[in-house]
Amino acid sequence: MGNTAVVVGGGIGGLAAAIGLHRIGWEVTVLERASTLADAGAAISLAANGLRALDELGVGEAVRKASRGQYSGGTRTPRGAWLTRMDGSALEKSVGTPIMGVPRSTLHRLLRASLPERSLVSGRAVLRVEQTGPGTVRVDCADTVLTADLVVAADGVGSTVRSRLLPDHPGPVYSGSTVLRALTEHAVDLRTDFELTWGRGAEFGHIALSDGRAEWHAVLRHPASTRFADPLAELRRRFHDWHPPIPALLDATRPEAVLHHDVNELRTPLPSYAVGRIALLGDAAHAMTPNLGQGACQALEDAVTLAAALGTDPTVEAALARYDTERRPRSQSVARAARQAGRMGHQLSHPLAVPLRNTAMRLTPSRIATRMILRHHAWTPPSLP
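Residues numbered from 1 in each chain as written. Predicted model: local features only at pLDDT ≥ 70, side-chain atom pairs only at ≥ 80, totals over all residues. Heavy atoms only, no water.

Looking at an unreviewed UniProt entry, one finds the protein named FAD-dependent monooxygenase and attributed to Streptomyces plicatus.

S.K.: Please provide a residue-by-residue account of the side chain of Thr-77, values included.
M.R.: Mapping Thr-77 onto the fold places it in the loop between β5 (73–76) and β6 (82–85). Among the residues examined, Thr-77 registers a relative accessible area of 9% and is labelled buried. Look past the residues within four positions of Thr-77 in its chain and what remains in contact with it is Leu-83, Thr-197, Trp-198, His-243, Asn-358 and Arg-362. (Helix = DSSP H or I, 4+ residues; strand = E, 2+ residues; numbered from the N terminus. Buried < 20%, exposed > 50% of the residue type's maximum accessible area, 1.4 Å probe, protein only. Contact = heavy atoms within 4.5 Å.)

S.K.: Got a sec to walk through the environment of Ser-119? Specific residues and values, please.
M.R.: Checked against the element boundaries, Ser-119 lands in the loop between α5 (104–113) and β8 (120–122). Sequence separation of Ser-119 and Phe-194 is 75 residues, and the distance between their C-alpha atoms is 36 Å. Discounting chain neighbours no more than four positions away, the residues touching Ser-119 are Val-28, Thr-29 and Val-30.

S.K.: For the packing of helix α10 (residues 295–312) against helix α11 (residues 316–344), give the residues involved together with the corresponding values.
M.R.: Direction vectors running N to C along α10 and α11 enclose 160°, while the axes themselves pass 8 Å from each other. Put simply, α10 runs roughly antiparallel to α11. When the axes of α10 and α11 are compared, the crossing they make is right-handed. The residues of α11 that touch α10, namely those facing Gln-298, Glu-301, Asp-302, Thr-305, Leu-306, Ala-308, Ala-309, Leu-310 and Thr-312, are Val-316, Ala-319, Leu-320, Arg-322, Tyr-323, Glu-326, Arg-327, Arg-330, Ser-331 and Val-334. Its residues placed into classes, the contact of α10 with α11 shows 9 nonpolar, 4 polar and 6 charged. (Axes fitted to C-alpha atoms, helices over the stretch in contact; angles between N-to-C directions. Parallel < 35°, antiparallel > 145°, perpendicular 65-115°, else oblique. Left-handed = near helix turned anticlockwise from the far one by under 90°. Nonpolar A, V, L, I, M, F, W, Y, C, P; charged D, E, K, R; others polar.)

S.K.: Kindly report on the side chain of Ser-45, identifying the contributing residues and their values.
M.R.: Inspection of the secondary structure puts Ser-45 in strand β3 (residues 43–46). On the accessibility criterion, Ser-45 (17% relative accessible area) is buried. At a separation of 2.9 Å, a polar atom in the side chain of Ser-45 contacts the side chain of Gln-70. Here Ser-45 is in contact with Gln-70, Ile-99, Met-100, Ile-207, Gly-293 and Cys-297, once residues within four sequence places are set aside. (Polar contact = N/O pair within 3.5 Å; in protein donor to acceptor, adjacent residues only side chain to side chain.)

S.K.: Can you tell me about the sheet that holds strand β14 (residues 194–199), naming the residues and giving the values?
M.R.: Remark on secondary structure: sheet strands pair via backbone hydrogen bonds, oriented parallel or antiparallel. Strand order in the open sheet formed by 7 strands is β6-β5-β14-β15-β16-β13-β17, and the pairing between neighbours is mixed. In this open sheet, the two strands that pair with only one neighbour each are β6 and β17 (259–265). Mean inter-strand twist for the sheet, computed between neighbouring axes without regard to direction, equals 20°. Bridge count for strand β13 (residues 173–183) against strand β16 (residues 214–221) is 7 bridges, and the pairing is antiparallel. Counterpart to Ala-182 in the pairing with β16 is Trp-216. Taken strand by strand, helix α7 (residues 231–239) contacts β13, β15 (202–208) and β16, and its axis lies near 75° from that of β16. (Pairing = 2+ DSSP bridges.)

S.K.: Account for the pairing of β6, naming residues and giving values.
M.R.: Two faces belong to every sheet, and in a regular strand the side chains alternate between them. When β5 meets β6, the two strands line up antiparallel, connected through 3 bridges. Counterpart to Arg-76 in the pairing with β6 is Trp-82. The loop that links β5 with its antiparallel partner β6 comprises 5 residues; one of these, Gly-80, has a positive phi angle of about 105°.

Given below as structure tokens:
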């Protein structure tokens, strides 16, 4: 009988981990607590590091075909002045690909298609995970008990597995920002593939998709759990005088399509990404703010690194130690950089600091800006055996 693994969580990181384990010959079961796979979350940008991880998992080509390259755009002020310009062609020349925009539902569907259908079990909330012997981990669900050689906890920022494994860790905290996002109902006339607009204490951005629609997001500074009776009306009020195409993007959106989530993060780094034969992955290990667009990419890096270690190291324990050694410093560094980017971006609101920031951005040579991006994108995945 071969090695067995249970992956807790059927999101991007969990599915990618399951694909990696399946490719190295493990028998994998993915437990997803949601009974219906809604694939919510609008759209996502995938940088070169995430795409390379998908290539190693065997799904990169399919994801690229369903995506749109982000070649034009940049960062603007609410009145429309450019602070920085993005050169997707230069980025492609440096790392082999531009940033790609794809609907989350499409990415989820492509990842699921790479697994045996029986691998994914929905409607199963995990109540307890514990190592019951030197080589056995027990997973308790409401009506099922599973045993495995390995458990991968990919159950998100509010991970219940993490809270039980590391009870002394403070857990996730509110970043101070809340995000509203949606896909437009129909195609929108856009001049650029990607834009961010930074105002005082607010951000609005869009990603153009391959079918002509767009994903937009609005980040606001509000107390945690703030909600609006009519989110779309609130955004129209808040952004009505910001530059085009922001009002048009809102007008092309159905009110019921707007998603609203607070941005929580693991501000206190975890001391380890593995305890016994239980590995933490993705947001469960390093939930970060979205300011660098690296959350999903780091989860994909986790998945490939974990599978490569398990496929080559002599024991599960040695593989998990290697996984922790390779992933924890990099992912926690990216998380710190994302937090800092937010402080210099939409979180900046002081009337003197904002124009100083804007001037500094205008004066920064494009090659330096590209070099800063490459610091996170230039990652080479380990090869799966």
